[in-house]
Amino acid sequence: KSFNAQLSIDDSFTNRIVLGAIQNARVDISDDDDVQFDIDEFIKVREDNKTVIVCVRRTNETTQVYNVKLEAKENTNGLIADHPHDFIAIEQIHEFLPSDTKVCSLFEIVDDEIALEGNESFNVMITSISPEAIIGVDTSNITICDDDTIKPYTEDYEVDENNGTVTVCLMKNVTTAVDFIVTFKSQEKTQPEAISTKDFIAEEKDVIFSGSANKSCTIFNIIDDFIVEEEKESFEVSFGVPADVIPPCNNSMVTIIDDDKIYVSFDRE
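Below: a short report on this structure. (Residues numbered from 1 in each chain as written. Predicted model: local features only at pLDDT ≥ 70, side-chain atom pairs only at ≥ 80, totals over all residues. Heavy atoms only, no water.)

**Observations concerning the pattern of salt bridges**
This is how it is decided: The term salt bridge refers to a side-chain nitrogen of Lys or Arg lying within 4 Å of a carboxyl oxygen of Asp or Glu. Burial here depends on accessible area, computed with a 1.4 Å probe over protein chains only, as a share of the maximum for the residue type. Under 20% is buried, over 50% is exposed, and the range in between is partly exposed.
Counting across every chain of the model gives eight salt bridges. In this structure, the salt-bridge partner of D48 is R46, at a minimum N-O distance of 3.0 Å. Classification of D48 as partly exposed rests on a relative accessible area of 35%. A salt bridge links E193 to K189, with the nearest nitrogen and oxygen atoms 3.4 Å apart.

Quick look at the structure:
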């Protein structure tokens, strides 16, 4: 921007002040206000949001139109989010008009439904601006908060007494990033029907639940007492899981079906 300046003398001073040859001047104003762009530095987002909003802000006014290039990419620190399993690595170019002070864009998050993997992160970076401008904060660190929850569930079982064993399983709704231990415990019910050491063996077993498996099983022993009983008998199996796993709502009930029979016959003699 510029303006013109002109010298003049008040009439009362004309006898004492003489103007020189150059009485007009043009004054040019150099714009020293720098245009700067900054991206949101830290963002946290739940995995099931499936998108994250990232904004770039411009400071100082301008008459220029700027093109800002953003790139989503894997970072190299901490728990690394992986393309394309955790997010989609893409490039985007956004136009900043003179009237814009903030422009936001969406980047895709992938809900992988894998529990116990922990939080993961990736970066969105300002990689170029055209025409050139100052870049302040150039990298946004996006933390994907793992919100996949393990919800184990159980089943009830019936088994003939003379089978000698029963297989009991715990199921889960999602795969997990790691294996974990489940403690199976067979025990008498609050109001006992099947009695330990008489009808079944009360025992406790630690079983590895594979991250890729949807169920984990173990075997408990049933005792055939060779007694004809009128009613079915049952015991329960409880499940101990790590603190970061929601315990199942119910124990498994194992019902023992009495298959002992009374044989009656005539004596041949």
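**Quick word on the sheet that holds strand β7 (residues 91-96)**
Defined as follows: By definition, two strands form a pair when at least two bridges between them are found by DSSP. Elements are defined by DSSP. Helices are runs of H or I of four residues or more, strands are runs of E of two residues or more, and each kind is numbered from the N terminus. Geometry is summarised by axes, namely lines fitted to C-alpha atoms with helices restricted to the contacting stretch, and by angles between N-to-C directions that run from 0 to 180 degrees.
Pairing in this open sheet of five strands is mixed, and the strands run β4-β12-β10-β6-β7 from one edge to the other. Edge positions in the sheet fall to β4 (42-46) and β7, since each has one partner strand and no second. Across the sheet, the mean angle from the axis of one strand to that of its neighbour is 25°, orientation sign disregarded. Examined bridge by bridge, β4 and strand β12 (residues 139-145) share five bridges and lie parallel to one another. Its bridge partner lying in β12, I43 is registered against I142.

**Notes on the sheet that holds strand β5 (residues 51-59)**
Pairing is mixed in the open sheet, where four strands are placed in the order β8-β5-β3-β11. If you trace the sheet from one side to the other, it starts and ends with β8 (102-108) and β11 (134-135), each paired once. Judged from the four bridges that link them, strand β3 (residues 36-39) and β5 form a sheet pairing that is antiparallel. Following the sheet pairing, D38 is matched in β5 by R57.

**Concerning the nonpolar core**
For clarity, the cut-off: Note on terminology: a nonpolar core comprises buried Ala, Val, Leu, Ile, Met, Phe, Trp, Tyr and Cys residues joined through side-chain atoms within 4.5 Å. The criterion used for residue contact is that any of the two residues' heavy atoms lie within 4.5 Å.
Core analysis: the biggest nonpolar cluster contains 25 residues, and V166, V168, F184, F235, V237 and V254 have the highest contact counts within it. Looking at this core, the elements that each hand over two or more residues are β13 (157-160), β14 (165-171), β16 (180-187), β17 (204-209), β19 (233-240) and β20 (252-257). Not counting chain neighbours up to four residues away, the residues in contact with V237 comprise V168, F184, K185, S186, F220, N251, S252 and V254. One finds V54, A72, F87 and F96 within the second-largest nonpolar core, a separate group that totals 24 residues.

**Let's talk about unusual backbone geometry**
Here the residue pair H83 and P84 is connected by a cis peptide bond, since its omega of 5° sits within 30 degrees of zero. You can see P84 is positioned in the loop between β6 (66-74) and β7. Here S130 and P131 are connected by a cis peptide whose omega angle stands at -5°. Even without being a glycine, E113 presents a positive backbone phi close to 55°. Locating E113 in the fold gives a position in the loop between β8 and β9 (114-115).

**Regarding the pairing of β5**
In this sheet, β8 lies alongside β5 in antiparallel orientation, the contact comprising seven bridges. Considered in β8, the bridge of V54 is made with S105.

**Brief notes about the packing of aromatic side chains**
The line we're drawing: Between the rings of Phe, Tyr and Trp (Trp by its six-membered ring), a pair exists once the centres lie within 6.5 Å; its type follows the angle of the planes, with under 30 degrees stacked, over 60 edge-to-face, and the other angles tilted.
All told, the structure shown has six aromatic pairs when counted by the stated rule. Taking 5.0 Å as the distance between ring centres and 75° as the angle between the ring planes, the aromatic pair formed by F37 and F96 counts as edge-to-face. Of this pair, F37 sits in strand β3 while F96 sits in strand β7, and the two are 59 residues apart along the sequence. Given a relative accessible area of 1%, F96 falls into the buried group. Site record: aromatic cluster; members linked through ring pairs are F37, Y66 and F96.

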